[in-house]
Amino acid sequence: MGITLTIDGQRTRVPEGTTIFNAARELGITVPHLCYHPMLSVIGACRLCIVEVEGMTSLPASCSTPVKEGMVVATESARVVDARRQILDLLLANHPEDCLTCEKTGDCRLQAYAYQYGVQRSSFTGAVKHYDADENNPFFIRDHNKCILCGRCVYMCAEKVGANVYTFAYRGFEGKIAAGLDTGLENSPCIFCGNCISVCPTGALQPKLIRGQGRVFDVDKVQTVCPYCGVGCAISLQTNQGKIIGAVGANGPANNNLLCVKGRFGWDFIQHPDRLKQPLIRKGGELVPASWDEALDYAAAKLLEVKTRYGPGALGGLSSAKCTNEENYLFQKFIRLVLGTNNVDHCARLCHASTITGLSYAFGSGAATNSIAELEEAELILVVGSNTLEAHPVIGFWLHQAQRRGATLIVIDPRRTDLAEKADLFLQLAPGTDVALYLGMMHVIVDEGLHDREFIEERCEGFAELAAILPDYPPAKVARMTGVPEENIITAARLYAASKRATILYAMGITQHTSGTINVASLANLAMLTGNVGRPSTGIYPLRGQNNVQGACDMGALPDYLPGYQRVENEEVRAFFQEKWGKPLPQDRGLTVLEMMAEARAGNLRAMYIMGENPVLSDPDMAETEAALAKLDFLIVQDIFPTETSRYAHVVLPGASFAEKDGTFTNTERRIQRIRRAIRTVGESLPDWQIICQLSARMGYPMEYPSVAAVMAEIASVTPIYGGVSYDRLGDRGLQWPCPHRDHPGTQFLHHERFAAGKGNLAVVRPQEPAEVPDDEYPFILSTGRHLYHYHTGTMSRRSYGLETFRPEPYVEINPETAAKLGIKEGELVAVATRRGEIALKALITDRVGPRVLFIPFHYREAPANRLTSPALDPKAGIPELKVCAARLTKIRQVEEPLGEVVYTT
Amino acid sequence: MINTLGHLAMAPEETAILDKILARHAKDAGPLIPVLQDVQRQFGYLSRENLAYIARALKIPLSDVFGTASFYAQFYLAPRGENMVRVCQGTACHVQGSGGILAAFAAALGIDAGETTADGKFSLERVACVGSCGLAPVVMINQQTFGRLSPEDVPLLLAKLSMPLGEPQQKAHDQPQEDAP
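Residues numbered from 1 in each chain as written. Chains lettered and ligands numbered in written order. Predicted model: local features only at pLDDT ≥ 70, side-chain atom pairs only at ≥ 80, totals over all residues.

## Describing the overall build of chain A
- Helix and strand counts for chain A come out as 30 helices and 36 strands.
- For 906 residues, the compact-globule estimate of 2.2 N^0.38 gives 29 Å, and the C-alpha radius of gyration of chain A, at 29 Å, lies within 12% of that figure.
- Seen through its principal axes, chain A has C-alpha atoms that stretch 90 × 70 × 65 Å.
- The burial tally for chain A puts 58% of its 906 residues in the buried class.
- Intrachain contacts of chain A at a sequence separation of at least 6 include 72% that bridge at least 24 residues. (Helix = DSSP H or I, 4+ residues; strand = E, 2+ residues; numbered from the N terminus. Rg over C-alpha atoms; globule rule 2.2 N^0.38 Å. Buried ≥ 20, exposed ≤ 12 C-beta atoms within 10 Å, placed from the backbone. Contact = placed C-beta atoms within 7 Å.)

Structure representation (structure tokens):
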């Protein structure tokens, strides 16, 4: 089969349906083009890729013309070249000739073709278009005068991103690409991911920060991994003379060249003047600069002093989900062997501790079962408690692409998020009623016989027990418990059960509850009941919030697990590590983050070593965290910036950022990827792993490694799931664990044919109320979370010019009905109070939240959401209930300044 | 401060009118253009708030709604004046000097074609042909046609308009729809 044709004298055979353009490309002939882009559908707007075909009178566009048997094609005939010159001439009629100062010089397709075809200056005279640049946003500029109307940005946004910002607007001579209502990007639904910039063939779209910093021939690129969320997007840092000047997407498995606003525009914190450039020691109440020797000697002496005086149990450490695997491995090793305690934990406790407990119980492994790229082939995607478009934007792009291919999207969330707006079915449940909802869905599935009997019989345990409680949760009753209409519960259950490739994504909306573990177990129940696990495009994805939170857990920065989820309380395991590490290990499980804080307040925990974390802002009930840190005899904080936490430190050690070191991060799909050094360390800062090694040596346990690759070799030797991982194998696409030996290709999806635990466990769980429910005094439910433009406690994102300029202020989301009742107007200052504290911030009136719900992003130190949140814990996972507490809302005063420009989203 | 759902700024009465129009076209296969036409009939033009509300209700990207509304000559994105002055620039009128007529109106009203006077009294538009080539050059003011004009006639014509023209001014919006391009 196939079609035979001749292109520029070469005979070739290609499959039917191939375009002339692609047939030529296979022969190594690239037909000149401006609108065609391999990531996008055929646009057919620029006409530059025209070719001459024998027997055809017109010159067809090769990008959109399929090959035919016996075609004879010429790509550079005299007629074609003449026509191409005409087209370029017409394009240049409306294009400024400012290549001398244009940022795109050297990388501009129009410039390249004008050069190639010798079109020096347009021969057309007459009216020329003049537009003001769209530049009132801090991220990038749209210069319509340089736009050639190819449509790549329109297609990129509509097909890959899903924001649908751009359109061909107006008509004829007036025609231009408009964003939203043509009132500037900042007033449009633009999410500033900048993926349009990456496909623009001319200088019409340009990032602001790179202006004047260097053009393509000045720039070096280093491929690494984005330091923000857990998606693990491949990113290339652009450098010029040792300075980072920009970032672009790279072709990684998780992102296929796409990035979000934080990845593309959030890198500039790296070179922010606030960076810690030398060690600091507290002297006379002040933190003053010190040498590394002085700071490390002092730190070592103080830690030893506390250990000698109070025993190892008085010490503890917080590792970092922002640091590399190697650093986390060395950190927990240091805490366990040198400090002699298992009191080591990190912020995974606050986000996915309940995932580890819940999924480990159900499947025997707490990690995402399947890979991100499999979302593309899913038939049905159920997104629960995840504001994916803001917290994991690039996975949001995958969801959009899956939906375009026909996947059904069901969203379950108390907030009507932008993803909920796009969903085929949206279930707006009352906060904290998840378990009831899934019981209702399971009731429908079992009642209607939609469960996968064979799968359950062969691979699961506990079905009879679970089935026995389901009659207590008919959809009508569950509708009353959750606020979700009965028919929607039934529809969601039927759709999910009927799909053979159904997949579940969830995030903090599930885990950050006192019922976190049982919420997770309920989702696992749903997957097992319907046999939607252990195959491609099925399974469950806990979306990890930090770039390396998966890795920090894998590396055993947890009080109960050694690297590779090997239980610290297991004697055999300890014996193995003792032999490998040559030092005895503490045998009792250690304290979690919040337990450490409680013990510190009680005076039992006396010294802490905190690396790359900011618990003052990230942990619940801020006043209690501050009290704990203030009480410590000795605190080391190791970070790249001064933080709210480092204010309590006795020694501050300056770490190097991700851009200044080598190592690996493990993303949310268990993929171990390399990060690479792009610039020299800032000031005297050092990579965290070197700091740990130096401190350890000063405390009598030298840890010497020639490179991070050597650390990874040791990790592989003690961590079965990383057994086959080594730097020479990682390349640009990494490896997914489990990868037990060097010949193992890594694992795309888990639980194929058999669960990690052998059989899957269906959990018998019943609904339970959140720890704090609204009452007369505190009548609202307060929920906290992220928004698109900032990240976690803002240590990085709030030092990024674009991100901070665009979203500088904290706010609380209030339903219009509630606002009307309390007489609150948009932008007015309100007070939100709970039993633990009160903060003042501006009101954002939106129907994203229901009338009884308030939502506050937790990024802002000037209105810290965690002054309000409840420290109530999930009993099994120790995760705090950050998503639900009772709150009061009062109006403070009228705003005097007029409201800003309105933003329209759809 | 940001208001991410701009249309929430609309008055409840306006929302009710839009909901009624949207309900009327709920079963249409391609409801966008009929909805835009009805909304314009109601308010005389398509406001940004209205477009945002329509986009969300129809689950059509805002940019697509705007692309459609800006493409067709029949849709207006800004409020129009009480009086619509349409100066024909068709072939016959062009030959008879309609360029000078348009310039005279622009000078007299102090606005360019496509704009509305600050007092909201007049909007000036160039149109392709009004089908009265025998009278070229032709101007339509509201529903009335004036032919064989010269630039000198323009101030007089406008002076006349300060007096009632014998037609209900508030119906100015209900113009015959122009041909779509």
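## With respect to the overall build of chain B
- Across its full length, chain B carries seven helices and four strands.
- Reading chain B from its N terminus to its C terminus gives the helix and strand order α-α-α-α-β-α-α-β-β-β-α.
- In chain B, which comprises 181 residues, the share counted as buried stands at 31%.
- Restricting to contacts in chain B with at least 6 residues of sequence separation, those with at least 24 account for 61%.

## Some remarks on the pairing of strand S35 (residues 853-857) of chain A
Residues and elements named next belong to chain A.
- Judged by how many residues are buried, S35 sits mostly within the fold: five of five residues are covered.
- Residues Val-853, Phe-855 and Pro-857 point to one face of S35 and Leu-854 and Ile-856 to the other, with burial holding for every one of them.
- The pairing of strand S31 (residues 780-785) with S35 spans five bridges and is classified as parallel. Bridge assignment links Leu-782 to a residue of S35, and that residue is Leu-854. (Pairing = 2+ DSSP bridges.)

## Structural notes on the confidence of the model for chain A
- For chain A, the mean per-residue pLDDT works out to 94, and 98% of the residues sit at or above 70.
- Confidence drops under a pLDDT of 50 for residues 898-906 of chain A, and excluding neighbours within four residues, the segment shows 32 contacts in the predicted structure. (pLDDT = per-residue confidence, 0-100.)

## Observations regarding helix H3 (residues 109-117) of chain A
All names here are of chain A.
- Among the residues of H3, Leu-110, Tyr-113 and Ala-114 are the ones counted as buried. Down the axis of H3, the sector holding all buried residues measures 105°, keeping them to one side. Turned more than 90 degrees from where H3 packs its buried face, Tyr-115 and Gln-116 sit exposed.
- Looking at the packing, one finds that the buried side of H3 touches helix H2 (78-93).
- Directly beyond the C-terminal end of H3, a positive phi value near 65° is found at Gly-118. (Arc of directions from axis to C-beta.)

## Remarks on the domain arrangement of chain A
Residue and element names in this part refer to chain A.
- By the assigned domains, chain A splits into domain 1 (3-93), domain 2 (132-271), domain 3 (282-347 + 548-640 + 657-736), domain 4 (353-542) and domain 5 (780-893).
- On a C-alpha basis, the centres of domain 1 and domain 2 stand 29 Å from each other.
- Across the contact, ten residues belong to domain 1 and twelve residues belong to domain 2.
- Its residues assigned to classes, the side of domain 1 that touches domain 2 shows eight nonpolar, two polar and no charged. (Domains from an automatic or database assignment. Nonpolar A, V, L, I, M, F, W, Y, C, P; charged D, E, K, R; others polar.)

## A word on the sheet that holds strand S3 (residues 52-53) of chain A
- Strands sit in the order S2-S1-S4-S3 (chain A) across an open sheet of four strands; the sheet is mixed. On the outer flanks of this sheet lie strand S2 (10-14) and S3 of chain A, each paired with one strand and no other.

## Quick look at the nonpolar core
All names here are of chain A.
- If you look at the biggest cluster of nonpolar residues, it comprises 279 residues, and the most contacted ones within it are Ile-381 and Leu-523.
- Ignoring sequence-local partners within four residues, the contact set of Ile-381 consists of Leu-375, Leu-399, Ala-402, Ala-407, Leu-409, Thr-503 and Leu-505.
- Formed by 30 residues, the second largest nonpolar core is a distinct cluster that contains Phe-780, Val-830, Leu-844 and Tyr-860. (Core = buried A, V, L, I, M, F, W, Y, C linked by C-beta atoms within 7 Å.)

## Some words on the sheet that holds strand S9 (residues 220-225) of chain A
All names here are of chain A.
- Taken in spatial order, the three strands line up as S9-S10-S11 in an open sheet, and their pairing is antiparallel. Looking at which strands have only one partner, the edges of the open sheet turn out to be S9 and strand S11 (243-249). Each strand axis lies, on average, 30° off the axis of its neighbour in the sheet, ignoring direction.
- Two strands pair when backbone bridges link them, and strand S10 (residues 234-240) and S11 are joined in this way by six bridges, in the antiparallel orientation. (Axes fitted to C-alpha atoms, helices over the stretch in contact; angles between N-to-C directions.)

## Quick notes on helix H27 (residues 708-718) of chain A
- Listing the buried residues of H27(A) in full gives Val708(A), Val711(A), Met712(A), Ile715(A), Ala716(A) and Val718(A).
- Where H27(A) is buried, its residues meet helix H8 (325-339), helix H22 (571-581), strand S27 (663-666), helix H26 (688-698) and helix H28 (727-730) of chain A.

## Here we look at the domain arrangement of chain B
- What the domain assignment reports for chain B is domain 1 (6-71) and domain 2 (83-163).
- Computed over C-alpha atoms only, the centres of domain 1 of chain B and domain 2 of chain B are separated by 31 Å.

## Quick notes on the packing of H8(A) against H27(A)
Residues and elements named next belong to chain A.
- One can describe the packing of H8 onto H27 by two numbers: an axis separation of 9 Å at closest approach and a directional angle of 65°. Where H8 crosses over H27, the handedness of that crossing is left-handed. Here Asn-325, Glu-326, Tyr-329 and Leu-330 of H8 come into contact with H27, specifically with Val-708, Val-711, Met-712 and Ile-715.
- Classifying every residue of the contact of H8 with H27 by side-chain character gives six nonpolar, one polar and one charged. (Left-handed = near helix turned anticlockwise from the far one by under 90°.)

## Details of the packing of helix H10 (residues 353-363) of chain A against helix H20 (residues 516-529) of chain A
All names here are of chain A.
- Where H10 contacts H20, the axes come no closer than 8 Å and their chain directions differ by 40°. As the angle between them shows, H10 and H20 are arranged oblique. Crossing handedness for the pair H10 and H20: right-handed. Where H10 approaches H20, its residues Ser-354, Thr-355, Thr-357, Gly-358, Leu-359, Tyr-361, Ala-362 and Phe-363 are matched on the opposing element by Gly-516, Thr-517, Val-520, Ala-521 and Ala-524.
- Along the lines of polarity and charge, the residues of the contact of H10 with H20 split into seven nonpolar, six polar and no charged. (Parallel < 35°, antiparallel > 145°, perpendicular 65-115°, else oblique.)

## Brief notes about unusual backbone geometry
- Of note, the bond from Trp737(A) into Pro738(A) is cis; its omega dihedral lies within 30 degrees of zero at 0°.
- The residue Pro738(A) is located in the loop between strand S29 (735-736) and strand S30 (760-761) in this model.
- Following Ala136(B), the chain continues to Pro137(B) via a peptide bond in cis, the omega torsion being -5°.
- Even without being a glycine, Asn164(A) presents a positive backbone phi close to 50°.
- Of note, Asn164(A) is situated in the loop between helix H4 (152-161) and strand S6 (166-169).
- Backbone geometry places Tyr565(A), a non-glycine residue, at a positive phi of 60°.
- Here Tyr565(A) shows up in the loop between strand S22 (561-562) and strand S23 (566-567).

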